[in-house]
Amino acid sequence: MAEYYEQKDLRNFGKITEWSEDLGNKFFDYYTKVFEEGKLTGREKSLIALAVAHVVKCPYCIDAYTKDGLQRGITKEEMMEAVHTGAAMEAGANLVHATQMMKKYKKLSH
Amino acid sequence: MATKSLKARDRLIAKANQQLKFLKSGIFEDELPTFKEKISEINQHPLQPKKLEILQINLGYMCNQVCDHCHVDAGPDRKEIMTIETMRSCLRVIESTGAHTLDLTGGAPEMNPNFRWFVEEASKAGIQDFIVRSNLTIIEANKKYHDLPNFFKKHNIHVISSMPHWTEEKTDQQRGKGVFNKSIKALLRLNQTGYGMPDSKLKLDLVYNPSGAFLPTNQESLEKSFKDKLYKQFGIHFHQLFAITNLPISRFLDYLIASENYEDYMDSLVEAFNPAAVANVMCRNTLSVSWDGFLYDCDFNQMLEMKIDSHRQHINDYDEAEIQQRTIRIHQHCYGCTAGAGSSCQGNIT
């Protein structure tokens, strides 16, 4: 596992285009466009990205959007609140399945 | 947080040649392009000066603070101070220069015992924009400095001061315990004198630099946040906020190495290289004079002991027309001035 998730690998992200230029470029164009200021501010998008980074458990994304947040002046309290939002969604998505468990339990029980 | 300069702590990285050696090797040997290679790609090498606009004079490396990021490695233990003889040489140049801006920096320039005399003499030359870079806390450090705002006002000085954040935690983390509260007091004192007030001609600008291994964000949005927070919490006014990138030299380089952030930080700088910023880098319209009268392309080159590429390297041999024919000396630290919106002592450059 030693060669997985080395911090410096993030620097090579752009190189994925080398083995599939067209798809790689299309992805980066899309990615860049998504993070531009729109109806949502860049700051809001950065916090969403940080929350998602934790939900999908991507170490590269966590590094990238923690740094992005610092650059934007986002405080550590705001970052933690965003992470909790993602965590609550994950917990909720898990727990809502308990309704299925309850339904099945009741169906199978006398 | 350190209370002494790297030099006083006898750290090897305090030496300019060690810093340059570090910047030359490692990641720049096999992974990242050197600054020279990068600007060659856009036909900007060799880098040449444009019209001289700013004469920046460093009055000495002595300072009442020991900030974590300081590119000067300034502190109370630094004894390098400009003498009155060198000041006289500077005054001769100030009287004849074509530059419209005079920019006094340090250390804390106010700690030079001849600071007030020098300002009084230099202001007679009728320079259009006369800047003093004040760290703010010096105004509160001792009774003898309390009247500095009035002194600045008398000579129509444009005050530019560092303020890394609107929170006590972040400011003190970078600049030392108690710095935030003293800075707030000093800003209020400056405001009371008329500095920074809306429509006031007494200019007060603040400088933001990131408190860590990341680049500054958009200068305009930062200014908005600073104005909003400082006014709401303390009733403080100021004019502009300049966002400055930390350059990988001296204490900030030491921090990057110790925290194992060096390679990622350099990669961020190279990644954020903005060709448009090269046209306006400050070394193209600025000349920096050190405490001992030597000439440099900028204050950063001064700290790396990279004197100008000219046989006229001292203020006593000053010949503006000839010096303007030189080639600007560059190294990897220059990436700090070309990243994103670019960075200079006056903030963004694009």
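Everything here concerns the structure above.
Computed from a prediction, not measured in an experiment: that's the story for all the values here.

> I'd like to hear about the overall build of chain B, residue by residue, with values.
A tally of regular secondary structure across chain B gives 16 helices and eight strands. Each principal axis of the C-alpha distribution contributes one length, and for chain B these read about 55 × 45 × 40 Å. Counting across all 350 residues of chain B, residues that qualify as buried make up 50%. The long-range fraction of contacts in chain B, counting pairs at least 24 apart against all pairs at least 6 apart in sequence, stands at 74%.

> I'd like a description of the overall build of chain A, backed by residues and values.
When helices and strands are counted, chain A shows five helices and zero strands. Going residue by residue from the N terminus, the α and β elements of chain A occur as α-α-α-α-α. Computed over the C-alpha atoms, the radius of gyration of chain A is 19 Å, more than 25% above the 13 Å expected from 2.2 N^0.38 for a compact globule of 110 residues. Here the C-alpha coordinates of chain A stretch approximately 60 × 35 × 35 Å along the principal axes. The buried share among the 110 residues of chain A stands at 11%.

> Give me the nonpolar core: which residues, what numbers.
Counting 99 residues, the largest nonpolar core has Val159 and Tyr208 of chain B as its most contacted members. The element best represented in this core is helix α9 (residues 179-192) of chain B, accounting for six residues. Membership of the second largest hydrophobic core comes to six residues, among which are Ala51, Ala53, Tyr65 and Ala82 of chain A.

> How would you sum up the pairing of strand β3 (residues 129-134) of chain B? Please name residues and give values.
All names here are of chain B. Burial analysis of β3 places five of its six residues in the buried class, the great majority of the element. Bridging between strand β2 (residues 101-105) and β3 involves four bridges; their strand directions are parallel. Note that in β3 the partner of Asp103 across the bridge is Ile131. Crossover connection from β2 via helix α5 (residues 115-123) to parallel β3: handedness right-handed. Of the pairings in the sheet, the one linking β3 to strand β4 (residues 158-162) comprises four bridges and is parallel in character.

> Lay out helix α4 (residues 76-95) of chain A with the relevant residues and their values.
Here α4 of chain A contains 20 residues, and its C-alpha end-to-end distance of 28 Å stays within 8% of the 28 Å for a straight helix at 1.5 Å per residue. Along α4 of chain A, only one of the 20 residues are buried, which leaves the element largely exposed.

> Please provide a residue-by-residue account of the sheet that holds β2 of chain B, values included.
All names here are of chain B. Across the sheet, eight strands lie side by side as β6-β5-β4-β3-β2-β1-β7-β8; this open sheet has mixed pairing. Each edge of the open sheet carries a strand with a single partner, namely β6 (241-243) and β8 (295-296). When β4 meets strand β5 (residues 204-208), the two strands line up parallel, connected through four bridges. Note that in β5 the partner of Val159 across the bridge is Leu204. Along the sheet, helix α10 (residues 219-234) contacts β5 and β6; its crossing angle with β6, the most-contacted strand, is approximately 135°.

> Mind laying out helix α8 (residues 168-175) of chain B, listing which residues take part and the relevant values?
Residue and element names in this part refer to chain B. The set of residues buried in α8 consists of Thr171, Gln174 and Arg175. Buried residues of α8, viewed axially, fall in a sector of 80°; they line one side. Downstream of α8 by a residue or two, Gly176 has a phi angle that is positive, lying close to 115°.

> Describe the packing of helix α2 (residues 42-55) of chain A against helix α3 (residues 59-71) of chain A, naming the residues involved and giving the relevant values.
Residues and elements named next belong to chain A. Where α2 meets α3, the closest approach of the two axes is 9 Å, and the angle between their N-to-C directions is 155°. Considered as vectors, α2 and α3 are oriented roughly antiparallel to each other. Between α2 and α3 the crossing geometry is left-handed. Together, Ser46, Ala49, Leu50, Ala53 and His54 of α2 and Cys61, Ile62, Tyr65, Thr66, Asp68 and Gly69 of α3 make up the contact between the two elements. Here the residues of the contact of α2 with α3 are counted per class, giving six nonpolar, four polar and one charged.

> Before we move on, could you go through unusual backbone geometry and cite the residues and values that matter?
All names here are of chain B. Backbone torsion omega between His45 and Pro46 reads 0°, so that peptide bond is classified as cis. Mapped onto the secondary structure, Pro46 falls in the loop between α3 (35-41) and β1 (54-58). In this chain, Gly106 is followed by Gly107 through a cis amide linkage whose omega measures 20°. Residue placement: Gly107 occurs in the loop between β2 and α5. You will see that Asn43, though not glycine, has its phi angle at about 55°, which is positive. Summarising the element assignment, Asn43 is placed in the loop between α3 and β1.

What counts and how
- Residues numbered from 1 in each chain as written.
- Chains lettered and ligands numbered in written order.
- Predicted model: local features only at pLDDT ≥ 70, side-chain atom pairs only at ≥ 80, totals over all residues.
- Helix = DSSP H or I, 4+ residues; strand = E, 2+ residues; numbered from the N terminus.
- Buried ≥ 20, exposed ≤ 12 C-beta atoms within 10 Å, placed from the backbone.
- Contact = placed C-beta atoms within 7 Å.
- Rg over C-alpha atoms; globule rule 2.2 N^0.38 Å.
- Core = buried A, V, L, I, M, F, W, Y, C linked by C-beta atoms within 7 Å.
- Pairing = 2+ DSSP bridges.
- Right-handed = clockwise from strand over helix to strand, strands pointing away.
- Expected span 1.5 Å × (residues − 1).
- Axes fitted to C-alpha atoms, helices over the stretch in contact; angles between N-to-C directions.
- Arc of directions from axis to C-beta.
- Parallel < 35°, antiparallel > 145°, perpendicular 65-115°, else oblique.
- Left-handed = near helix turned anticlockwise from the far one by under 90°.
- Nonpolar A, V, L, I, M, F, W, Y, C, P; charged D, E, K, R; others polar.

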